[in-house]
Amino acid sequence: METKTILAFALKSMTETGTFEGKLAVYGNVDEVGDVIDYGAMTKTLNEGGGQIPLCWQHDTGQPIGTLTLTDSPQALLCKGKLVLSVPQARNAYDLVKEGVVKGLSIGYTVMKYVTEASGVRRLKELRLYEGSLVTLAANPLAQVTGVKQLPDTEALEAFRNAARDIKDFHRRMIDGN
C-alpha cells in the first residue's frame, strides 16, 4: 500500500463532538513527491466503498481514530471527519489539530492506473483508496488549514450563565418592588 500525504488540509471547522471538514486530496497540482492526482481517480473506489473510509493517525492502521465521509469535487476530494474522542489518540489528535500543530491529511492507497509524463511527473489516473490519516508532515502545499472551531470556554460560559441568572433575579425583584 502506498500513502499520499497532503500538506495542511483545509479544515473548515472542528466541533466539540470531534467532527471536521477538509480536503483529503487536491487534484491537478504536482506534489512534493512528483505526483499529480487527476480528478476522477478515486471515483470507482468511492462508489465501491460507499464514500466512507477509516480515519487513522499517521497512517497507522492499528490506530484508527474515527471515520471519513468523502465527496468528490473537481478541485479536491472533500471529507467530513468524525473523531472518536473516547479513544486517547483521537483526543490527542483533536488537541493537536485545534492548536495548529498537526495540519495535514494524507491518503493510503494503491495506484491502479498512472501515466509518467516526459518531465518525470507521475499522473495518477485511478487509485484504490484504503484510509485517510491525520499527519504531521505532508506533501501537497496547496491544501491548508482554514480554521478550527474551539471547544467552548467553560469558565466564560459559566460566567455568562451566572450573569444571566443575576439579571433575571434583578428583573424579578424590580417587578415585585423589592
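Keep in mind that what you see is a predicted model, and the values were worked out from it rather than measured.

*Asks:* It is not clear to me how the side chain of E131 should be interpreted in this structure. Could you clarify?
*Replies:* Relative to the elements of secondary structure, E131 occurs in strand 8 (residues 122-135). A polar contact is formed between the side chain of E131 and the side chain of H59, at a distance of 2.5 Å. Among the polar contacts made by the side chain of E131, one reaches the side chain of S133 at a distance of 2.6 Å.

*Asks:* Is there a simple way to think about the nonpolar core in this case?
*Replies:* Nonpolar side chains tend to gather and get buried jointly when the protein is soluble and globular. Residues M42 and L134 are the most contacted members of the largest nonpolar core, which totals 30 residues. The set of elements that each furnish at least two residues to this core consists of strand 2 (19-26), strand 4 (52-57), strand 5 (60-72), strand 6 (76-83), helix 2 (88-98), strand 7 (104-116) and strand 8.

*Asks:* Mind showing me how you'd approach empty space enclosed by the protein here?
*Replies:* Gaps between atoms show up when a probe of the same size as a water molecule is rolled over them. The tally for this structure, following the rule as stated, stands at 1 cavity of 30 Å³ or more. The space that makes up the largest cavity amounts to roughly 30 Å³. Forming the boundary of the largest cavity are K44, T45, E48, M112, E126, L127 and R128. When contributions to the lining of the largest cavity are tallied by element, the ones reaching two or more residues are helix 1 (43-49) and strand 8. Along the lines of polarity and charge, the residues of the lining of the largest cavity split into 2 nonpolar, 1 polar and 4 charged.

*Asks:* I keep staring at the pairing of strand 4 and nothing clicks. Help me out?
*Replies:* Side chains on a regular strand alternate between the two faces of the sheet. Here strand 4 runs beside strand 5; their pairing, made up of 6 bridges, is antiparallel. Of the residues in strand 5, the one forming a bridge with W57 is D60. Two successive antiparallel strands, strand 4 and strand 5, enclose a turn made up of 2 residues, where Q58 displays a positive phi of approximately 55 degrees. As judged from the 3 bridges shared by strand 4 and strand 8, these two strands associate in the parallel manner. Paired with C56 across the two strands is S133, which belongs to strand 8.

About the thresholds
- Residues numbered from 1 in each chain as written.
- Predicted model: local features only at pLDDT ≥ 70, side-chain atom pairs only at ≥ 80, totals over all residues.
- Heavy atoms only, no water.
- Helix = DSSP H or I, 4+ residues; strand = E, 2+ residues; numbered from the N terminus.
- Polar contact = N/O pair within 3.5 Å; in protein donor to acceptor, adjacent residues only side chain to side chain.
- Core = buried A, V, L, I, M, F, W, Y, C linked by side-chain atoms within 4.5 Å.
- Buried < 20%, exposed > 50% of the residue type's maximum accessible area, 1.4 Å probe, protein only.
- 1 Å grid on protein atoms, 1.4 Å probe; cavity = no way out; pocket = protein on both sides within 12 Å on 5 of 7 lines; lining within 4 Å.
- Points joined across faces, edges and corners; volume = space filled by probe spheres on them.
- Nonpolar A, V, L, I, M, F, W, Y, C, P; charged D, E, K, R; others polar.
- Pairing = 2+ DSSP bridges.

None of this, on its own, says anything about what the molecule does.
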